[in-house]
Amino acid sequence: MLSSGAGGTSDSTQRKGTTTILLLLIAFLIGISSIFNFIVGNQVAIKSVGTNVVTDNDPTTKQLRPNLNVYDGEEITKFLTGELPFPTGCTRNMNGRCRLKFKPGTLQLSSAQTLQQCYVDANKYKEHTLRSRNTVAASVSHKHKMIYRNIPKSASSTSRHAMMDFLEGQDLQLKHDELINLVHEDNYTMVSFIREPLTRFYSSYDEAYFRMGPWMGEGEIVWDKPKLREWFKNVKHKMDKYPYLYEGMKEINDFRKMYCPKEVLDKGRFLDCNKYDSIDDGRLLKRFEQFVHDYDGIEPFDVHLNMQTTNLIYGSSGEPLPMSALYNASNAEKEWQDVASQKGVTIPDGEMKHGRHQSRRFDVSKVSEVTQQKICQLLALDYCCLNFKLPEVCDDVGLYCALEQMEGQRMWKKDDSLNVVIRPWGK
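Residues numbered from 1 in each chain as written. Predicted model: local features only at pLDDT ≥ 70, side-chain atom pairs only at ≥ 80, totals over all residues. Heavy atoms only, no water.

A. Geometry of helix H5 (residues 176-184). Listing the buried residues of H5 in full gives His176, Leu179, Leu182 and Val183. Looking straight down H5, one finds its buried side chains confined to an arc of 130 degrees; they lie on one side. Residues of H5 that are buried sit in contact with strand S3 (135-141), strand S4 (146-149), strand S5 (170-175) and strand S6 (189-194). (Buried < 20%, exposed > 50% of the residue type's maximum accessible area, 1.4 Å probe, protein only. Helix = DSSP H or I, 4+ residues; strand = E, 2+ residues; numbered from the N terminus. Arc of directions from axis to C-beta. Contact = heavy atoms within 4.5 Å.)

B. Region of interest: the state of the cysteines. One pass over the full model with this rule turns up four disulfides. The disulfide bridge from cysteine 118 ends at cysteine 385, spanning 1.7 Å between sulfur atoms. With a gap of 267 residues between them, cysteine 118 in the loop between helix H3 (111-116) and S3 and cysteine 385 in helix H13 (residues 380-385) connect regions that are remote in the sequence. Pair check on accessibility: cysteine 118 and cysteine 385 agree, each one buried. Across the disulfide, cysteine 384 is cross-linked to cysteine 401 (sulfur-sulfur distance 2.2 Å). In this structure, the disulfide formed by cysteine 384 and cysteine 401 twists by about -95 degrees around the S-S bond and is classed as left-handed. Placement of the pair is cysteine 384 in helix H13 and cysteine 401 in strand S8 (residues 401-405), with a sequence separation of 17 residues. The residues cysteine 384 and cysteine 401 share a single accessibility class, namely buried. (Disulfide = S-S within 2.5 Å.)

C. Broad picture of the sheet that holds S5. Here five strands make up an open sheet; going across it, the order is S5-S3-S4-S6-S7 and the pairing mixed. Because the sheet does not close on itself, it has two edges, and the strands there are S5 and strand S7 (325-328). In this sheet, neighbouring strand axes are inclined to one another by 35 degrees on average, regardless of whether the strands run parallel or antiparallel. Relative to S7, S6 is paired through four bridges, and the arrangement is parallel. Among the inter-strand pairings, isoleucine 194 is bridged to a residue of S7, identified as asparagine 328. Lying over the sheet, H5 contacts S3, S4, S5 and S6, oriented at roughly 110 degrees with respect to S5. (Pairing = 2+ DSSP bridges. Axes fitted to C-alpha atoms, helices over the stretch in contact; angles between N-to-C directions.)

D. Region of the structure containing the side chain of serine 159. Looking at the element boundaries, serine 159 is found in helix H4 (residues 156-165). Judged by relative accessible area, which is 0%, serine 159 ranks as buried. Only 2.7 Å separates the side chain of serine 159 from the backbone oxygen of alanine 155, close enough to count as a polar contact. (Polar contact = N/O pair within 3.5 Å; in protein donor to acceptor, adjacent residues only side chain to side chain.)

E. Spotlight on the packing of aromatic side chains. Within the structure shown, the criterion is met by 22 aromatic pairs. Considering the side-chain rings of tyrosine 71 and phenylalanine 79, the 5.7 Å spacing of their centres and the 70 degrees angle between planes classify their relative orientation as edge-to-face. According to the relative accessible area criterion, phenylalanine 79 is buried, its value standing at 7%. Summarising the aromatic geometry, the rings of tyrosine 209 and phenylalanine 255 are spaced 5.2 Å apart at their centres and angled 45 degrees between planes, so their arrangement reads as tilted. With tyrosine 209 in helix H6 (residues 197-211) and phenylalanine 255 in helix H8 (residues 252-259), the pair connects residues that are 46 residues apart, well separated along the chain. Residue tyrosine 209 shares its accessibility class with phenylalanine 255, and that shared class is buried. (Phe/Tyr/Trp six-rings, centres within 6.5 Å; stacked < 30°, edge-to-face > 60°.)

F. Geometry of unusual backbone geometry. Backbone geometry places lysine 145, a non-glycine residue, at a positive phi of 50 degrees. Even without being glycine, asparagine 387 reaches a positive phi, approximately 60 degrees. A relative accessible area of 12% places asparagine 387 in the buried class.

Here you go:
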């Protein structure tokens, strides 16, 4: 029994010894690991102090993943103003020039300031700028040293009324050099009015549709207007791409019956049709949506479909006109009153109701989201160059703007600062 007890004590002592050794070994390994992590950690920290550490809030981070990044408008604005250096590592276009992506309407700049940074391919949009390749049509008041550039369907009737009847303006065709001298040498103010692009497109199409109808070739509207008939004869070929637009129509009354209430037509007071909601049964809407589907935005069939931006450039070069201010067309009366007041002229309330207010000839509220999104894409130039925020329906269609390096000196640049331009992404 004693011998047996002595053997058990010996085994127990051996197990305790082994356990102690293992614990010491583990403690040693932990100590070595801690020392290693401490040394490596300090080396990383030392390296971090000696270099620029990039974070998600640092603009230079974006250079590491350019294809995934969309810059915010504040950063793009700072690149434009020189508050931040232009990135060197970025997405490149087909010519190898640097370009940065951002959302329309996010710049901390006015529409006029944004336009001055815009680039328009004059050759690509030549059908939009035929009237401004050599001269620019404008209302000019030499007395008040003011120039108004007309943009159809953007408070143009109201604005011309203000210039002609209150500011002693006259319609002129200004050569490009003459216009530049008036603004830069003689300190004339040049203004225009702009409108939310999607909303304006509905009005532009409405006007263009009426102006290009077959009733402009013959019938009651033009029987005593030979020049208008001749004009239509020369331009009607532009409608060949869209044969469905006037299907079943020949006379103006064929069109009126599609949108104007019968009781109004029976009275013969056709202008009153514009005061009533359209009775369109869907046919006019369907034709509009088909047109949007087929339209490329490059060859408008009427000047009213020209984009606002293409009305604000020199048609020969694509350079922006020297605009002093771009005002909101939806608030035209008050804006003109303020402008006139600065010139010492008073425009009484209620004197600016000269626009052709009319109901749409189809129900805009029924336009499909797909069609609205296509319109936004067609008008990317206006959204980017005039700094308009996208409507909600178009916010997720992948429409972006680019701030892009450009070769060659631009006519409006007076210094050696970085030559960058704004344009639609992918255009």
